[in-house]
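# Commentary on secondary and tertiary structure
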Amino acid sequence: MNRLTALVSAVLSFAALAVCPSPTTGAPRPSTVPPSSPLYRSDTGAAALNAAGPSARPHKPTDITFTDVSSGLPGVGVGAAAWGDYDNDGDVDIALTGSASTGAISRMYRNDGAGVFTDINAGLPGVVFGAIASGDCDNDGDLDILLAGDTGAGRLSRVYRNNGAGLFADANAGLPGVASGATAWGDYDNDGDLDILLTGDTGAGRISRVYRNDGPGAFIDINAVLPSVTSSAVAWGDYDNDGDLDILLTGDTGMGRVSRVYRNNGAGLFADANAGLPGVASGATAWGDYDNDGDLDILLTGETGAGRITRLYRNNVSRLFDDANA
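First, a word on what this report is: a plain description of the structure on this page. (Residues numbered from 1 in each chain as written. Predicted model: local features only at pLDDT ≥ 70, side-chain atom pairs only at ≥ 80, totals over all residues. Heavy atoms only, no water.)

## Section: the environment of A179
You can see A179 is positioned in strand β11 (residues 179-186). Of the residues examined, A179 reaches a relative accessible area of 1% and is grouped as buried. Here the alpha-carbon distance between A179 and R155, two residues 24 residues apart in the chain, equals 6.1 Å. (Helix = DSSP H or I, 4+ residues; strand = E, 2+ residues; numbered from the N terminus. Buried < 20%, exposed > 50% of the residue type's maximum accessible area, 1.4 Å probe, protein only.)

## Quick word on the packing of aromatic side chains
Within this structure, the stated rule accounts for eight aromatic pairs. Ring centres 6.3 Å apart and planes at 15° place the aromatic pair Y188 and W236 in the stacked group. On the criterion of sequence distance, the pair formed by Y188 in the loop between β11 and β12 (195-201) and W236 in strand β15 (residues 230-237) is long-range, its members being 48 residues apart. W236 matches Y188 in its accessibility class, with the two residues each being buried. Considering the side-chain rings of Y239 and W287, the 6.1 Å spacing of their centres and the 5° angle between planes classify their relative orientation as stacked. Taken together, the residues Y239 in the loop between β15 and β16 (246-252) and W287 in strand β19 (residues 281-288) connect sequence positions 48 residues apart. We classify Y239 as buried; its relative accessible area is 2%. Using a relative accessible area of 12% as the deciding quantity, one classes W287 as buried. Three or more aromatic residues joined by ring pairs form one cluster here, namely Y188, W236 and F270. (Phe/Tyr/Trp six-rings, centres within 6.5 Å; stacked < 30°, edge-to-face > 60°.)

## Looking at the pairing of β19
Extensive coverage of β19 is indicated by the burial of seven of its eight residues. Bridge count between β19 and strand β20 (residues 297-303): six bridges; the pairing is antiparallel. Among the inter-strand pairings, W287 is bridged to a residue of β20, identified as I298. (Pairing = 2+ DSSP bridges.)

## Notes on the pattern of salt bridges
Going through the model one piece at a time under the given rule, you end up with six salt bridges. Its salt-bridge partner being D214, residue R212 comes within 2.9 Å of it at the nearest N-O pair. Here R212 falls in the partly exposed class, since its relative accessible area comes to 27%. A relative accessible area of 37% means that D214 is categorised as partly exposed. With its nearest N and O atoms 4.0 Å apart, the salt bridge here joins D322 to R314. For D322, a relative accessible area of 34% corresponds to the partly exposed category. In this structure R314 comes out as partly exposed when scored by relative accessible area, which is 28%. (Salt bridge = Lys/Arg side-chain N within 4 Å of Asp/Glu carboxyl O.)

## Some thoughts on the sheet that holds strand β6 (residues 117-119)
The strands making up a sheet are joined through hydrogen bonds of the backbone, oriented either antiparallel or parallel. On the basis of which strands lie adjacent, the open sheet formed by four strands has the order β3-β4-β5-β6 and antiparallel pairing. Looking at which strands have only one partner, the edges of the open sheet turn out to be β3 (77-84) and β6. Recorded for the sheet is a direction-independent mean angle of 25° between the axes of neighbouring strands. As judged from the seven bridges shared by strand β4 (residues 93-100) and strand β5 (residues 103-111), these two strands associate in the antiparallel manner. By the bridge assignment, A100 is partnered in β5 with G103. (Axes fitted to C-alpha atoms, helices over the stretch in contact; angles between N-to-C directions.)

## Quick look at the side chain of D289
Here D289 shows up in the loop between β19 and β20. Classification of D289 by relative accessible area gives buried; the value is 13%. Polar contacts involving the side chain of D289 include one to the main-chain amide nitrogen of N292, which spans 3.1 Å. Only 2.9 Å separates the side chain of D289 from the backbone nitrogen of G294, close enough to count as a polar contact. (Polar contact = N/O pair within 3.5 Å; in protein donor to acceptor, adjacent residues only side chain to side chain.)

## Things to note about the sheet that holds strand β8 (residues 144-150)
Read across the open sheet, the four strands follow the order β7-β8-β9-β10; overall the sheet is antiparallel. With partners counted over all chains shown, the strands left at the sheet margins are β7 (128-135) and β10 (167-170), one partner each. Averaged over all neighbouring strand pairs, the angle between strand axes comes to 25°, with direction disregarded. Alignment of β7 against β8, held across six bridges, turns out to be antiparallel. By the bridge assignment for β8, S134 is matched with I145.

In structure tokens:
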């Protein structure tokens, strides 16, 4: 599969799970919940095509085939999903949240091979209007969980430490609970452990915060100057190739929609790069080098207020972003 097709497929799949309006009191379940969450296997034969060289690779969407593997996952709305090899057995497992026919769920599904995914009963609180991300925050060699959303009884943002054998323990990170937000792990200060980017609606207002990982389980708000947003999307990426992670952030500030790149200037300082992107909310975004020129480009989706967009922006040497008219 070519890299642009893979990038578009990944972000649109995520958007279908993660994009949601603001929650209402009690976070009611949507009136229509899909009966299942399909998992599609790529049958393109990527390894063989790569070995054969560029001339043998597909160049049209019709050349790429995805097959529903009938994984038996529950259908969810206003949810989120993440891949990660939580049991270190060499295949990726699934973390899934959202509103199912039984109510709000947050579940870990172990990949048992041949398209079989087994609920491990991880004991995570069910959330809707949520976000989930996997990362090894304590550097013990297994993936931990960052979970945010609305339980129906309140909002939460929690780090769950992976203790092995399918056991996840609340790290008591002290993060403010949010819904209709976004989460991402990233080592912004290059100190060797994963920090947290968190946005969303706390119930008392919108936030956009960076939390420095001071371990173990201690996350400190660095008071980064970012616009507070909800109905948001975030991503870490080193767009200017200076060796530290920058921020791509979208969402609704209450005064309007924004889509901004913040350059990491070190010491917890992030400066607006004035990337000139159209403001969106209720969308998704991702970094990726689609043109293989050595710098990260932007895939952006969402609602501008005047309509919905899905656009690809090319990163120029001048560190500006041009619409690639994809």
